[in-house]
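# An overview of the molecular structure
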Amino acid sequence: MIINIEGIKIKLHPEVYEPSEDSILLLKNLVDVKNKEVLEIGVGTGLISIACAKRGAKKVVGVDINPYAIEIAKENAKLNNVDIIVFKSDLFENVKGKFDVILFNPPYLPTSEDDKIDSYLNYAFDGGKSGREVLDRFIDELPNYIKKNGVVQILQSSLTGEKETVDKLKSLGFYVKKVDTLKVPFEELMIINGIYKG
């Protein structure tokens, strides 16, 4: 099945997270990427990376731990006639270099062993017991991959501690601002931007 989101054609896959309110919120608040080098952690169907390529990014790299996401993101890039570099990586594990813009819509549901679903789709939701396990790992490694004055955009849920994210980013040398919110059942989604001052 192919859906259309703001002029971007997206082929879906049962094992890959389907773009939802959170993806649309990030898309709506995407920083200026023109002539920038962009990295998206958790590329999924490729929606955000494709949007960056269409908006004139110099280079777009999308990574995911899910092999099905890698395949579908590549297909969707072709479908939209854009070039993005996509490969498998657990967060920054296989990433080289530094970027002007880094985007992350992390898995943020607090999950116990009983909640896990036995499929690659689980990676899109499973934030560990606190809901912050993946996000905290990402933030810890972030300064090694972002250029000075580069921007990180994180999609955050009220379920997993907005203040913790903001405090952690500030402690690592980021100027932090919440730029948008969206109320959905049981939680509030928000976009947090951080500018790296080093």
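In the block above lies the structure referred to throughout.
So, here is what we can say about the structure in this document. Since the model is a prediction, treat every value here as computed from it, not as a measurement. Throughout, a residue's number is its position along its own chain's written sequence, starting from 1. In keeping with the predicted nature of the model, local features appear solely for residues at pLDDT of at least 70, side-chain atom pairs appear and are counted solely at 80 or more, and the whole-chain, interface and lining totals rest on all residues. Note: side-chain values were computed over all heavy atoms of the structure, leaving out hydrogens and water.

## Topic: the nonpolar core
The definition of a nonpolar core used throughout is a set of buried Ala, Val, Leu, Ile, Met, Phe, Trp, Tyr and Cys residues joined through side-chain atoms within 4.5 Å. Buried, partly exposed and exposed residues are distinguished by accessible area as a fraction of the type maximum, computed with a 1.4 Å probe on protein chains only: under 20%, between the cut-offs, and over 50%, respectively. Counting 34 residues, the largest nonpolar core has Ile48 and Cys52 as the members making the most contacts within it. Among the elements that make up this core, the one with the highest residue count is helix H2 (residues 47–54) (six residues). Apart from the residues lying within four places of it in its own chain, the contact partners of Cys52 are Leu30, Val33, Val38, Ala57, Val60 and Leu103. The next biggest cluster of nonpolar side chains, apart from the first, holds 26 residues, and it includes Leu39, Ile146, Val152 and Phe174. Numbered from the N terminus, helices here are DSSP runs of H or I no shorter than four residues, and strands are runs of E no shorter than two. Two residues form a contact once any of their heavy atoms are found within 4.5 Å.

## Observations concerning the packing of aromatic side chains
Ring pairs are drawn from Phe, Tyr and Trp, using the six-membered ring of Trp, whenever the two centres fall within 6.5 Å, and their geometry is named by plane angle: stacked under 30 degrees, edge-to-face over 60, tilted for the rest. Evaluation of the coordinates by the stated rule reveals four aromatic pairs. Between Phe92 and Tyr145, the aromatic rings sit 4.4 Å apart at their centres with planes inclined by 5 degrees, giving stacked as the arrangement. Separated by 53 residues along the polypeptide, Phe92 in the loop between strand S5 (85–88) and strand S6 (99–104) and Tyr145 in the loop between helix H5 (133–141) and strand S7 (146–157) bring together distant segments of the chain. Classification of Phe92 as buried rests on a relative accessible area of 0%. Aromatic pair Phe174 and Tyr196: ring centres 4.8 Å apart, planes at 40 degrees, arrangement tilted. Of the two residues, Phe174 is situated in strand S8 (residues 174–184) and Tyr196 in strand S9 (residues 187–196); the sequence distance between them amounts to 22 residues. Like Phe174, the residue Tyr196 is buried in the burial classification. Among the aromatic residues, those joined into a ring-pair cluster are Phe92, Phe104, Phe138 and Tyr145.

## Concerning the sheet that holds S8
Within a sheet, neighbouring strands are paired by backbone hydrogen bonds and run either parallel or antiparallel to one another. At least two DSSP bridges between two strands are needed for those strands to be called paired. Across the sheet, which stays open at both edges, the seven strands sit in the order S5-S4-S3-S6-S7-S9-S8 with mixed pairing between neighbours. Looking at which strands have only one partner, the edges of the open sheet turn out to be S5 and S8. Each neighbouring strand pair of the sheet contributes to a mean axis angle of 15 degrees, computed without reference to strand direction. Two strands pair when backbone bridges link them, and S7 and S9 are joined in this way by seven bridges, in the antiparallel orientation. Opposite Val151, over in S9, you have Ile195 as the bridge partner. Each of strand S4 (59–64) and S5 touches helix H3 (residues 67–79); the most contacted strand, S5, lies at about 165 degrees to it. Strands in contact with H5 are strand S3 (37–41), S6 and S7; relative to S7, the strand with the most contacts, it is inclined by about 170 degrees. Here, axes are lines fitted to C-alpha atoms. For helices the fit covers the stretch in contact, and angles between N-to-C directions go from 0 to 180 degrees.

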